[in-house]
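# Fold and geometry: a report
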Protein chains: 4
Amino acid sequence: MWIPIQINELSAEPLYHQIEVQLRALIFSGQLAEGTLLPSIRELAQSVKCSVITIRRVYQDLENEGLLRTRQGTGTFVAKVGDEVRDQQRRSAVIEAFEAAVDAGIRVQCSDEEMLTILQEVLQRKRQMETEGGGE
Amino acid sequence: MWIPIQINELSAEPLYHQIEVQLRALIFSGQLAEGTLLPSIRELAQSVKCSVITIRRVYQDLENEGLLRTRQGTGTFVAKVGDEVRDQQRRSAVIEAFEAAVDAGIRVQCSDEEMLTILQEVLQRKRQMETEGGGE
Amino acid sequence: MWIPIQINELSAEPLYHQIEVQLRALIFSGQLAEGTLLPSIRELAQSVKCSVITIRRVYQDLENEGLLRTRQGTGTFVAKVGDEVRDQQRRSAVIEAFEAAVDAGIRVQCSDEEMLTILQEVLQRKRQMETEGGGE
Amino acid sequence: MWIPIQINELSAEPLYHQIEVQLRALIFSGQLAEGTLLPSIRELAQSVKCSVITIRRVYQDLENEGLLRTRQGTGTFVAKVGDEVRDQQRRSAVIEAFEAAVDAGIRVQCSDEEMLTILQEVLQRKRQMETEGGGE
DNA sequence: GTGGTCTAGACCACC
DNA sequence: GTGGTCTAGACCACG
């Protein structure tokens, strides 16, 4: 089982947090379906080039959130999450991020139109990067 | 001199950082004009109910960034910032936040339209809170 | 030979332990009489939907405790247990569990009466579940 | 700040779990009031003679449960818990333990009266130990 | 093979 | 001083 995790070495964001965010997104978006067996902590640790313990923490945190189920000697699985819960969660992380962005805009007295423009610029740039990077 | 600083106790974001972000925004948006005398470290510490050490760090950081200027025995002032620099900076914090939001959206496979809708919902909600809270 | 074993998937309690506890109880209460031939490892493994390794461990543990006896090529039997030993054992597991419960109560400063009330509530609830579930 | 934590070296129960159970009980029973500053992780580690990391895990687990609040550079506090929540939680741990005890009793076909008798015996014994140990 | 616990120790960030 | 992150490694328990 292979999972695409991208680490930003330069970011001040803790390793474990970067990984959690990406795993949550994979689960909430359905790219990791219920019941899927995740890679073992040792495997994933090797593939993201970090300590086993860091991955253990990630799996444990997500288990505490109810997203994963782990059975000793067997491995770690994606837990059952109600569809409505999943959809709600899927949006909430995004909404939260947009609230932070709007707060930043309001603080420097951006108009609504200015923010909409910024969003469109950013979207265009990101989507372009996606298609360009798609051939990698 | 009174400065409106809002602290979110529940947030994991460090105190000093919350304050810096807000001060920067006040300066870049022109709400704190060049030459303005800031409150003393003790005063500001008292008004945000935190340690003077925290405020000292804030002033120090912003001075290092060239946004503040301290004159011995007189106090701390808002430094001169070039207009084009100010405008660029004003936008950059906002753009950064929107990039994070778009990243969050892309991770859970939101469409562009979905993100635009979310932004409009958030904007409406925040603006409403502003006008409601304006009478406080 | 059919043996009623209930597995709680959600519990953190290891599989082998859940099974051992239930087998012991069946033996000490006389529901599995001395000399009874137990199902083969493979059969029991299939019926509780777990690995044969797990069942092998269970049989081994109980044999080490002197509760089971394995004869090569024949199978695994319930061993002879002295009556007084059996009676003592029968109670000891129960007493142990009640000691843990009382400890939990004392820790949060429950009065004796409060604990008696709780026991009666729980008893009533469990007995009701028994008679309801009896038709299954 | 001194906190009475008793470790059972012989028990198979993990260290961190023993500590969590006792801290939860102290909080739910009100012996550790809201807002109380707990000992630093290093202090508590020293007093229970275990690794700092074990205590860190304890504090973090309880923070995830919403029982503690920790602020970097300041320390760890008992969080605000709604009274009704606290009362409910206080009982639920006890009820859970009694359910396990009753299950154990039912498995070996104890009568209700037998369990009541056992409870009274255990209570008497424990209370006696309390008063005897009170002079320590 | 899997995960779970505990350790020691380094280094950083915050107040 | 406080807590937070990450590391390496030992040893145990489970299936």
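Below or above, wherever it landed, is the structure these notes cover. (Residues numbered from 1 in each chain as written. Chains lettered and ligands numbered in written order. Predicted model: local features only at pLDDT ≥ 70, side-chain atom pairs only at ≥ 80, totals over all residues. Heavy atoms only, no water.)

### Some details on the overall build of chain A
- Helix and strand counts for chain A stand at five helices and two strands.
- Start at the N end of chain A and walk to the C end: the helices and strands fall as α-α-α-β-β-α-α.
- If you line up chain A on its principal axes, its C-alpha atoms span 55 × 35 × 30 Å.
- When the 136 residues of chain A are sorted by exposure, 38% land in the buried category.
- Contacts spanning at least 24 positions in sequence make up 51% of the contacts within chain A whose residues lie at least 6 apart.
- On chain A, roughly 7900 Å² of surface is accessible, and the fraction owed to carbon and sulfur atoms is 49%.
- For chain A, the centre of its 15 positive side-chain charges and the centre of its 21 negative side-chain charges are spaced 8 Å apart. (Helix = DSSP H or I, 4+ residues; strand = E, 2+ residues; numbered from the N terminus. Buried < 20%, exposed > 50% of the residue type's maximum accessible area, 1.4 Å probe, protein only. Contact = heavy atoms within 4.5 Å. Areas by Shrake-Rupley, 256 points an atom, 1.4 Å probe, with all protein chains shown as cover. Lys, Arg positive; Asp, Glu negative; His and termini not counted. Charge placed at Lys NZ, Arg CZ, Asp CG, Glu CD.)

### Quick word on the side chain of Ser29 of chain C
- You can see Ser29 of chain C is positioned in the loop between α1 (15–28) and α2 (41–48).
- Given a relative accessible area of 14%, Ser29 of chain C falls into the buried group.
- For Ser29 of chain C, the contacting residues outside a window of four places in its chain are Arg90 of chain C together with Arg107, Val108 and Gln109 of chain D.

### What about the relation of the copies chain B and chain A?
- Note on the identical chains: chain B maps onto chain A by a rotation of 178° and an axial translation of 0.1 Å, with an RMSD of 0.4 Å. Taken together, the turn and the small shift mark the pair as related by a two-fold rotation axis.
- Of all interface residues in chain B, 100% are interface residues in chain A too; the two copies therefore contact each other through one and the same surface. (Least-squares fit on C-alpha atoms with pLDDT ≥ 70 in both.)

### Some remarks on the environment of Leu38 of chain D
- By the secondary structure assignment, Leu38 of chain D is in the loop between α1 (15–28) and α2 (41–48).
- Beyond its immediate stretch of four places on either side in the chain, Leu38 of chain D contacts Met1, Ile3, Leu32, Tyr59, Leu68, Thr76 and Val78 of chain D.

### With respect to the interface of chain B and chain A
- The interface is formed by 37 residues belonging to chain B together with 37 residues belonging to chain A.
- Both sides together, the interface formed by chain B and chain A hides about 3900 Å², and carbon and sulfur atoms give 64% of it.
- For the pair chain B and chain A, the interface holds ten salt bridges.
- Salt-bridge contacts for Arg127 of chain A lead to Asp112 of chain B; the nearest nitrogen and oxygen are separated by 2.6 Å.
- Here chain B and chain A share 13 residue pairs in polar contact (both at pLDDT 80 or more) between them.
- Counting residues per element, the ones that place at least two in the side of chain B that touches chain A are α1 (15–28), α4 (83–107) and α5 (112–133) of chain B. (Buried area = accessible area lost by both parts, 1.4 Å probe. Salt bridge = Lys/Arg side-chain N within 4 Å of Asp/Glu carboxyl O. Polar contact = N/O pair within 3.5 Å; in protein donor to acceptor, adjacent residues only side chain to side chain.)

### Thoughts on the protein's contact with DNA strand F
- Lining the immediate surroundings of DNA strand F are 25 residues, of which Leu15, Tyr16, Ile53 and Thr54 of chain A together with Arg42 of chain D lie closest.
- When the atoms of DNA strand F within 4 Å of the protein are grouped by moiety, sugar and phosphate amount to 68% of the total.
- Interatomic distance of 3.0 Å between a side-chain N/O atom of Tyr16 of chain C and a phosphate oxygen of DNA strand F.
- Secondary-structure elements contributing two or more residues to the surface near DNA strand F are α1 (15–28) and α3 (52–64) of chain A, α1 and α3 (52–64) of chain C together with α2 of chain D.
- Ranked by the residues each element gives to the surface near DNA strand F, the list is headed by α3 of chain A, at three residues.
- Classifying every residue of the surface near DNA strand F by side-chain character gives nine nonpolar, twelve polar and four charged. (Near = heavy atom within 4 Å. Nonpolar A, V, L, I, M, F, W, Y, C, P; charged D, E, K, R; others polar.)

### Let's talk about the protein's contact with DNA strand E
- Taken together, the neighbourhood of DNA strand E is formed by 24 residues, with Arg42 of chain A together with Leu15, Tyr16, Ile53 and Thr54 of chain D sitting nearest.
- Counted by atom, the contact set of DNA strand E within 4 Å of the protein is 68% sugar and phosphate.
- Contact distances for DNA strand E include 2.2 Å between a phosphate oxygen and a backbone N or O atom of Leu15 of chain D.
- Broken down by secondary-structure element, the contributors of at least two residues to the surface near DNA strand E are α2 (41–48) of chain A, α1 and α3 (52–64) of chain B together with α1 and α3 (52–64) of chain D.
- Among the elements that take part in the surface near DNA strand E, α3 of chain D stands out by supplying three residues, more than any other.

### Focus: the packing of helix α4 (residues 83–107) of chain A against α5 of chain B
- For the pair α4 of chain A and α5 of chain B, the least separation of the axes is 9 Å and the interaxial angle reads 55°. Looking at the two axes, α4 of chain A sits oblique to α5 of chain B. For the crossing formed where α4 of chain A meets α5 of chain B, the hand is right-handed. The residues of α5 of chain B that touch α4 of chain A, namely those facing Arg90, Arg91, Val94, Ile95, Phe98, Glu99, Val102, Asp103 and Ile106 of chain A, are Glu114, Met115, Ile118, Leu119, Glu121, Val122, Leu123, Arg125, Lys126, Arg127 and Glu130 of chain B.
- Considering only residue class, the contact of α4 of chain A with α5 of chain B consists of ten nonpolar, no polar and ten charged. (Axes fitted to C-alpha atoms, helices over the stretch in contact; angles between N-to-C directions. Parallel < 35°, antiparallel > 145°, perpendicular 65-115°, else oblique. Left-handed = near helix turned anticlockwise from the far one by under 90°.)

### Focus: the packing of α1 of chain C against α3 of chain C
Residue and element names in this part refer to chain C.
- Close contact between α1 and α3 brings their axes to 9 Å; oriented N to C, the two are set at 45°. Compared by their axis directions, α1 and α3 come out oblique. In the crossing of α1 with α3, the sense of the turn from one axis to the other is right-handed. Here Leu15, Tyr16, Ile19, Glu20, Leu23 and Arg24 of α1 lie close against α3, whose contacting residues are Thr54, Ile55, Arg57, Val58, Tyr59, Asp61 and Leu62.
- Residues that form the contact of α1 with α3 fall into these classes: eight nonpolar, one polar and four charged.

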